[in-house]
Amino acid sequence: MSRKRKTPGSALPPRRATVDKTRIENWVKDLGSSKTRAEAMNRLMYYRDLVPELPVLCMNQSAPILGLVEVLDKIVPAISPPANPPGISPEQSRMVCEALELLKLVAVHPDTRAHFLQQGLLKHVLPFLKSVDKSAPFQQLRQTSVGLVEALARTEQPEALEHLLDINIFDHMFSLMDTACDPCKTASTYVVQRLLAEGRGLRSICDRPLWLLKAVTSLELLVLKLASNRSPPAALMENMLRCYALLSGDPMGQQCIRRHLPVQMVNGKIRGLLEQGSVGERLYREIINSLKSPQVAGSSSV
């Protein structure tokens, strides 16, 4: 009788309140070897909530981070042109998602975030944001990748927000807002509104007519989709309305919104989907009142 082959993580012991630090350090070290990496990632993912210093342990050596980056880079040719059709297996997607989750810990930890940004590790994540394949492995990759970007934006640290602007993350977020699943739309719209709340972020959009037009048309598509949903995600609605509110506070942004505002924003359809007294309803009223007021000075070509 043949034995059933063991898979990584198939015999994980029950998780306890503590875990031996030496074992964690050994698994971190194992990330540097392609032979032991899959098992090490699986173990570290299992225990990551019990080891707050895990990001520091990973960043203290170059091999673990290089090993995680290698997992990402190795799969990129399979999901990017000229791969036709692009394709990855559920197992490959799982491994990349585990590497992304471990890198997210490094990206948001206050003692390792600066090193993550300085080493430009986010550039290895961007290819997964560009994929448009609708199969489950690709959906999971996109969702985990944008989750890393969202987590970085949620730190609200100036250096993190500046880095996102430097790599033109807006372009990737607009694409996800247009075509991705609702969780990805929610995360990407959060990133956009968080960056618009920064002076440089708002200027970088409103001072460039084509970028501004892209932002407003992406929001327009989002309105059309949400208006057709009887119970749209509340977080997505709120993020979308925050984007409108921030853009309408700029003269160029307000003019562009006036020209491209979907009818569903003014005929009561969107308002009817908002809970009475909610933040979303307050934002909606602010937007509509702003657009009803005399047009602010300035000119726009969009």
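Anyway, here's the lowdown on the structure attached to this text.

Calculation rules
Residues numbered from 1 in each chain as written. Predicted model: local features only at pLDDT ≥ 70, side-chain atom pairs only at ≥ 80, totals over all residues. Heavy atoms only, no water. Helix = DSSP H or I, 4+ residues; strand = E, 2+ residues; numbered from the N terminus. Buried < 20%, exposed > 50% of the residue type's maximum accessible area, 1.4 Å probe, protein only. Contact = heavy atoms within 4.5 Å. Phe/Tyr/Trp six-rings, centres within 6.5 Å; stacked < 30°, edge-to-face > 60°. Axes fitted to C-alpha atoms, helices over the stretch in contact; angles between N-to-C directions. Parallel < 35°, antiparallel > 145°, perpendicular 65-115°, else oblique. Left-handed = near helix turned anticlockwise from the far one by under 90°. Nonpolar A, V, L, I, M, F, W, Y, C, P; charged D, E, K, R; others polar. Core = buried A, V, L, I, M, F, W, Y, C linked by side-chain atoms within 4.5 Å. Disulfide = S-S within 2.5 Å. Expected span 1.5 Å × (residues − 1).

Time to look at the overall build of the protein chain. A tally of regular secondary structure across the protein chain gives 17 helices and zero strands. Its C-alpha atoms give the protein chain principal-axis dimensions of roughly 75 × 45 × 45 Å. A total of 302 residues make up the protein chain; the buried ones form 47% of that total. A fraction of 74% describes how many contacts in the protein chain between residues 6 or more apart in sequence connect residues 24 or more apart.

Let us now look at the packing of aromatic side chains. Scanning all chains against the criterion turns up three aromatic pairs. Each ring, one from Phe170 and one from Phe174, has its centre 5.8 Å from the other, and the planes form 15°; the classification is stacked. Remark: Phe174 and Phe170 occur in helix H10 (residues 169-179); sequence separation between them is four residues, near one turn of the helix. Pair check on accessibility: Phe170 and Phe174 agree, each one buried. Connected via pairs of aromatic rings, a cluster forms that spans Trp27, Tyr46 and Tyr47.

So, about unusual backbone geometry. Even without being a glycine, Glu156 presents a positive backbone phi close to 55°. When you line up the elements, Glu156 lands in the loop between helix H8 (136-154) and helix H9 (158-166). Residue Glu156 is classed as partly exposed on the basis of its relative accessible area, which comes to 44%. A positive phi angle, close to 55°, is found at Asn168, a residue other than glycine. With respect to the helices and strands, Asn168 occurs in the loop between H9 and H10.

On to the packing of helix H14 (residues 234-248) against helix H17 (residues 279-292). One can describe the packing of H14 onto H17 by two numbers: an axis separation of 9 Å at closest approach and a directional angle of 30°. The angle between H14 and H17 falls in the class roughly parallel. The crossing of H14 and H17 is left-handed. Along the contact surface, H14 presents Glu238, Leu241, Arg242, Tyr244, Ala245 and Ser248, while H17 presents Val279, Gly280, Leu283, Tyr284, Ile287 and Ser290. Residue classes in the contact of H14 with H17 are distributed as seven nonpolar, three polar and two charged.

With 93 residues, the main nonpolar core has Ile24, Phe116, Ile169, Met173, Met240 and Leu247 as its most contacted residues. Discounting chain neighbours no more than four positions away, the residues touching Phe116 are Met59, Leu103, Val106, Ala107, Leu121, Leu122, Leu148 and Leu152.

Looking now at the environment of Val266. Position of Val266 among the secondary structure elements: in the loop between helix H15 (251-260) and helix H16 (269-272). Once the C-alpha coordinates of Val266 and Asn229 are considered, the two residues, 37 residues apart in sequence, prove to be 17 Å apart. Here Val266 is in contact with Leu261, Tyr284 and Ile288, once residues within four sequence places are set aside.

Another point: the environment of Gln92. By the secondary structure assignment, Gln92 is in helix H5 (residues 90-108). Expressed as a C-alpha distance, the spacing of Gln92 and Leu72, which sit 20 residues apart in the sequence, is 9.9 Å.

A word on the state of the cysteines. On inspection of all chains with the given rule, the structure shows zero disulfides. Unpaired in this structure, Cys97 has its nearest cysteine sulfur neighbour in Cys184, at a distance of 10 Å. Here Cys184 is not cross-linked by a disulfide; its sulfur's nearest cysteine counterpart is in Cys181, at 3.7 Å.

Given a rise of 1.5 Å per residue, 19 residues ought to cover 27 Å, and the 26 Å separating the end C-alpha atoms of H8 matches this to within 8%. Burial of H8 is extensive: 15 of the 19 residues sit out of reach of the surface. Looking one or two places after H8, you find Glu156, whose phi comes out positive at around 55°.

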